[in-house]
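# Survey of secondary and tertiary structure
Here's the letter readout for the chains.
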Amino acid sequence: MRYDAAIIGAGADGLAAATLLARKGLKTVVIERGDRPGGLLSTLEFHPGFRASPYADEIAAVPPNMHWALDLSRRGAIFVPAPCSLAVWQERRHVLSASAASPVASLLDKISGTRTNIVARAEQQAGRSQGGVFSSGRRHSVEPWPGQTWSAHSLHALLADALADEDAAAHLAALALCGRSADPFLRGSAFHALAPGSGCSGVVMGGLGRLADALVRAAEEAGVEIRCGLDASDLKLDNGRIAGVALVDGSEHEARAVISTLDLKRTFLSLFPWQALPRQLIARVGAFRMTGATARVLFALKQPPAFPSPQLLRGPIHVAPAFSRFAEANLAWRSGSIAAELPVTLRLVSQADPGLAPRGGAVMTATLGAVPCRLFDGAWTKEKRDILRDRALAAAELVFPGVTDRVVAAEVITPGDMDEALGATHGDLWGGEIAADQMLDLRPWADPPAPRTPIRGLYLAGPSSPLGPIATGAAGVLAAQAVMADFNVVPDR
Amino acid sequence: MTSANSYDALVIGGGVNGLAAAAYLARGGKHTLLVEARETPGGLCDTTDLGHGHLVPSVAHALYALDPRVTSELRLTGHGLKFALRNATIALLQDGGGQLVLSHDIRAGARSIAACSKADAEAWPRYSNELFTLGRSMRALWWDLGGKSVRNRLVDQIARTGTGAWLDSWFESDALKTLVAFDASALSPLEAGSALLLVWRAAQEMCGLQGAVAFPAGGPAALSMALVKACETAAVELRMNARVAELAIDGNRVTGVRLHSGDVVMAPLVLSSLSRRTTLLELAGGAGLGLGERHKIADASPVAAAKIVLALDKLPDADGIAGKLNGRLILADRPESYVLAHADARAGRIPDDLVMEVTFPTVTDRALAPQGGHAASVVVRPVPREIAGGWEASRAVFAAKALSRLNGRIPGLVKHVVAIDVLTPDVLSSRYGAEPDTPAVSRMLSDWPARMRTAIDGLYLCGADADVAPAASGRSGRIAALLAISATGSR
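Along each chain, numbering runs from 1 in the same order as the chain's sequence is written. Here every chain gets a letter starting at A, and every ligand a number starting at 1, in the order they are written. Residue-level local features of this predicted model are given only where pLDDT is at least 70; pairs of side-chain atoms are given and counted only at 80 or more, and the full residue set underlies all totals for whole chains, interfaces and linings. Excluded from the side-chain calculation are hydrogens and water; included are all heavy atoms of the structure.

### Looking at the overall build of chain A
To keep it simple, the criterion reads: Numbered from the N terminus, helices here are DSSP runs of H or I no shorter than four residues, and strands are runs of E no shorter than two. Values of the radius of gyration come from C-alpha atoms, whereas the globule rule sets the reference at 2.2 Å times the count of residues to the power 0.38. Remark: exposure states derive from per-residue accessible area (1.4 Å probe, protein chains only) relative to the maximum for the residue type, with buried under 20%, exposed over 50%, and partly exposed in between. Working rule for contacts: check all heavy atoms of both residues, and any pair within 4.5 Å makes them a contact.
When its secondary structure is counted, chain A shows 13 helices and 18 strands. Taking 493 residues into account, the globule formula puts the C-alpha radius of gyration at 23 Å, and chain A, at 22 Å, falls close to it. The C-alpha extent of chain A, read off along each of the three principal axes, is 65 × 50 × 45 Å. Within chain A, the fraction of its 493 residues that count as buried is 60%. Here the analysis covers contacts within chain A between residues at least 6 apart in sequence; of these, 76% occur between residues at least 24 apart.

Laid out in structure tokens, this is it:
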């Protein structure tokens, strides 16, 4: 088959990119390894009658223009931003509510303003045509990116300097580091503040799978062909330029442009035979740091846990966050061990979205950070998985005494499971370490500027691109814009 | 100015930078007074007698890129400065006695590296070349007074890169990465921009005509003595035992200082070689600083260095180790050691992976010890600045831990120790007024005037804090003096 554009991966980025290209009349195909589209955006029944989104409850914000262009609400994706966030310690708690004017709110505004500016800056870069013939972006813009000064700040400095209230600072750190591993005292860790939880992100009614359904509907209406259950085995090159995609079943699709929504390592190390790429490129890809830290535990509860103010349970519940706790957990994580005190964020997802649990029951998820993908002392055995479940339960007991007795089933998902299920290298859901030298214009590398790559006709969307870890679908939109700019298609405005 | 207590310029602190600043001010025609709180000048560049004629460097044990212009312009050689060792090598003490040695001789370095990794030996000249190129591009900013800020793409990138990631992108051998990372170990290898410290070291190698890392003959005090002579020749008045209590400020101008003795000294120009924090907060009382700035300066780094000096009756000689005890010897297990040590130190614990730099000054300078005897000087960094229960209670534990690690790599060392002094951060601070001097990446990328000028007219910083990265180099003293002279000259 002959296509204008082929897209690897039917997650938010891939589906958004495909829709925009197809609407411009480009013949577009999306190739998905899994049985159904969605990737990270999925919701499944993990115990009879109990449903949850296994890999994340909440995603980074969908840029408003994309939301509007794809008409996601009409297609069934209803976003419900969490009305509040709760941090609970042994003797006290801290509530963050979206509406109140406070130093916290103004700091969050500042952060989300920076995020908006970063998205705008990345768009400007993607839309600049490289004149069809790809030049390797030698014209380096010396204008610093929005947020670049953050490389000099630690997350602790960013939050603690702005907030006199230590609990509020620790609470915001928990929002930023949910499911991650980082030392918040080190310069450059401020970039974690761009995390999903610390802006206008949201939960989708019915689970993240609903968003995938809406995106699929938009793509199909635009005429995109979505082919599931098919692994792309190789990208075909002709004279150093992308010529098409070979699939594992032996078939080949010709395509002038390929957008990969896989992470950087998967894109270059699994889609090309090694000898096809320059050694220097392989080395650059190898030097990109990726390591997962997220584990999830899904709990089916026979009845909702008791809590004095249930209205506070509609958002995330961070258990005893403290800067020193994140730093210590990060150290253990680096050495491949499970920290004594893992950072845990709970969510009683059925509280805001009752449809996820059967009548009278409840669904609670735990997101654990600083969980190593590989343990120093062997595999993730049943016993090791049980440690994660027990840590999550111990944390839950602090918030909901007696909750253990209500658990009817628990499902543990390790970083390794995420690697296998999502194709995220080492289970890194953010497509590469969040560090000053791997963010903004340096993500995944400075030259050529993303979403373009050293291979002509190959574009990188997905988590390893500049917007990957901070906005949902935006990287796909940018890649589509770059393809349109390079192919002289007038983009939608 | 006629009053006896009235000068054109006053310098606070008689360390290397203070002395250099005073000498330059006087040579520029300023009637200059230098006040030093201690009995003797020299500050951290001092020599201590551990007993029986074992002379050891009190704090600093090597000179990092003493500014060659200071040496020549102040005629330090004429004032008695000689070097026992120039271009000191840096070597990693490995388990099992293997040794990786690097020096300014790139080919010799590559030969030594080849024993660890062939690929790294090939990469070494390219790496050195890249660092030199980067260092050269920073030249205007780091070595010249009126340097313009650099917007070089690679510098911009490296200023956001940690040492760990930077070295990983070049080398495969853990030993080489561990050794090279030492020169940037003032910051955790995970800190964004710590790799810039490696560029700074390369720039020193390039510009230090006297050898990048050198040991003065007679110990560090010899440099201080030469500078004192230069000051005397230039007619600087030196006043010891004179601790400054506060700065006298009129409106937004400094007018002099008040000493602890109650004396007031008038001077329209004051150059302080004390830290930014002490100068601006304690002596100037935070004058002219916004709340945010005051807050920023007040945060002292939780990570510091400690010093251990040892007098030895002879050198340990097991397995021919005696022949390897020259230059700088680095004791660190693996690249990750720096990460762990920084995290431990910041959390207020004595690190398990202690990182140490050892020198045996007596190996190159026999005059520093009695017949047959030797001395060792050990810098341990990072250690916590403050520790639960106080350093007083933890000093013995710390010393035992450090000595046992030293003895592990230099077998037999401990049994030759005849005297020891352990200077934990509290001692360094009470004895020498030393404060933790953590480099700041943003300051490395700003120009000299930005680092030296203060919100108060006439007040300049001229100490290690104003240097690109903290060091006893004389560089910031020289440049602060020139800056101050040119500012008054144009008025």
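### Topic: the pattern of salt bridges
Residues and elements named next belong to chain A. Definition in use: Only one rule defines a salt bridge in this text: a Lys or Arg side-chain nitrogen within 4 Å of an Asp or Glu carboxyl oxygen.
All told, the structure shown has 45 salt bridges over all chains when counted by the stated rule. A salt bridge links Asp4 to Arg256; the shortest N-O distance between them is 4.0 Å. Of this pair, Asp4 sits in strand β1 (residues 2-8) while Arg256 sits in strand β12 (residues 252-260), placing them 252 residues apart in sequence. Judged by its relative accessible area of 24%, Asp4 falls in the partly exposed class.

### Things to note about the interface of chain A and chain B
Worth spelling out the cut-off: Put simply, buried area is how much 1.4 Å-probe accessible surface two parts lose in total, over both of them, once they are put together.
With 25 residues of chain A at the contact, the number on the chain B side is 22 residues. Interface area for chain A against chain B, summed over the two sides, is near 2200 Å², with a carbon-plus-sulfur share of 50%. For the chain A face of the interface with chain B, the top three residues by lost area are Leu186, Arg187 and Arg334 of chain A, together amounting to 29%. Put simply, chain A and chain B have five salt bridges between them. Two residues, Glu336 of chain B and Arg334 of chain A, come together in a salt bridge whose shortest N-O distance is 3.2 Å.

### Some details on the domain arrangement of chain B
Residues and elements named next belong to chain B. Stated precisely, the cut-off is as follows: The source of the domain bounds is an automatic or database domain assignment. Nitrogen and oxygen atoms within 3.5 Å of one another constitute a polar contact, given that in protein one can donate a hydrogen and the other can accept it, and given that sequence-neighbouring residues count only through two side-chain atoms. For this scheme, ten residues count as nonpolar: Ala, Val, Leu, Ile, Met, Phe, Trp, Tyr, Cys and Pro. Four count as charged, namely Asp, Glu, Lys and Arg, and the remainder, Gly too, count as polar.
Along its sequence, chain B is carved into domain 1 (4-49 + 63-82 + 217-299 + 437-488), domain 2 (110-207) and domain 3 (302-434). Centre-to-centre, using C-alpha coordinates, domain 2 lies 26 Å away from domain 3. Contacts between domain 2 and domain 3 engage 14 residues on the former and 13 residues on the latter. Both faces considered, domain 2 and domain 3 share a buried interface measuring about 1100 Å² in area, 70% of it formed by carbon and sulfur atoms. When the buried area of domain 2 at its contact with domain 3 is split by residue, Thr178, Phe182 and Ser185 rank highest and sum to 48% of it. Applying the counting criterion to the domain 2 and domain 3 interface returns four residue pairs in polar contact (both at pLDDT 80 or more). A per-element tally of the side of domain 2 that touches domain 3 places helix α8 (residues 174-181) first, with five residues. Taken together, the residues that form the side of domain 2 that touches domain 3 break down as seven nonpolar, three polar and four charged.

### Some words on the pairing of strand β7 (residues 90-93) of chain B
Walk down a regular strand and you will see the side chains alternate between the two sheet faces. Residues and elements named next belong to chain B. Our working rule: At least two bridges found by DSSP between two strands is the condition for calling them paired.
Covered by surrounding structure in β7 are Ile90 and Leu92 together with Ala91 and Leu93, the residues of both alternating faces. One ladder, built from four bridges, connects β7 with strand β8 (residues 99-102); its direction is antiparallel. Paired with Leu93 across the two strands is Gln99, which belongs to β8. The pairing of β7 with strand β16 (residues 328-331) spans three bridges and is parallel. Bridge pairing in β16 links Ile90 to Arg328.

### Observations concerning the sheet that holds strand β17 (residues 407-413) of chain A
Residue and element names in this part refer to chain A. Rules: A fitted line through C-alpha atoms represents every axis, and for helices the fit uses only the stretch in contact; the resulting angles, taken between N-to-C directions, go from 0 to 180 degrees.
Taken in spatial order, the seven strands of this open sheet run β7-β6-β14-β15-β16-β13-β17, and their pairing is mixed. Both outer strands of the open sheet, β7 (93-97) and β17, are each paired with one neighbouring strand and no more. Strand-to-strand twist in this sheet, taken as the mean axis angle between neighbours without regard to direction, amounts to 20°. Pairing geometry for strand β13 (residues 295-301) and strand β16 (residues 362-368), over seven bridges, is antiparallel. Along β16, the bridge assignment pairs Ala295 with Leu368.

### Structural notes on helix α13 (residues 335-346) of chain B
Owing to its 3.6 residues per turn, the α-helix brings residues three or four apart onto one side. Where burial is concerned, most of α13 of chain B is hidden: nine out of the twelve residues are buried. Residues of α13 of chain B that are buried in the fold lie against α9 (323-334) of chain A together with α8, β15 (303-312), β16 and β18 (374-384) of chain B. Where α13 of chain B ends, the next residue or the one after it, Gly348 of chain B, has phi of about 85°, a positive value.

### Here we look at the side chain of Asp467 of chain B
Residue and element names in this part refer to chain B. Looking at where Asp467 falls in the secondary structure, it is placed in the loop between β20 (459-461) and α19 (475-489). Looking at Asp467, the relative accessible area reads 2%, which means it is buried. Among the polar contacts made by the side chain of Asp467, one reaches the side chain of Arg475 at a distance of 3.1 Å. Setting aside residues up to four positions removed in sequence, Asp467 forms contacts with Trp200, Trp448, Arg451, Ser473, Arg475 and Ser476.

### So, helix α5 (residues 166-177) of chain A
Residue and element names in this part refer to chain A. This is how it is decided: Under the convention used throughout, the expected extent of a helix is 1.5 Å for every residue step, that is, one less than its residue count.
Counted at 1.5 Å a residue, the expected span for α5 with its twelve residues is 16 Å, and the 16 Å between its end C-alpha atoms agrees. Those residues of α5 hidden inside the fold are in contact with β6 (84-88), β7, α3 (103-127), α4 (155-162), β14 (317-319) and α9. At the N-terminal end of α5, a side-chain oxygen is found 2.9 Å from the backbone nitrogen of Asp167, two or three residues along, and the residue is Asp165. Downstream of α5 by a residue or two, Gly179 has a phi angle that is positive, lying close to 75°.

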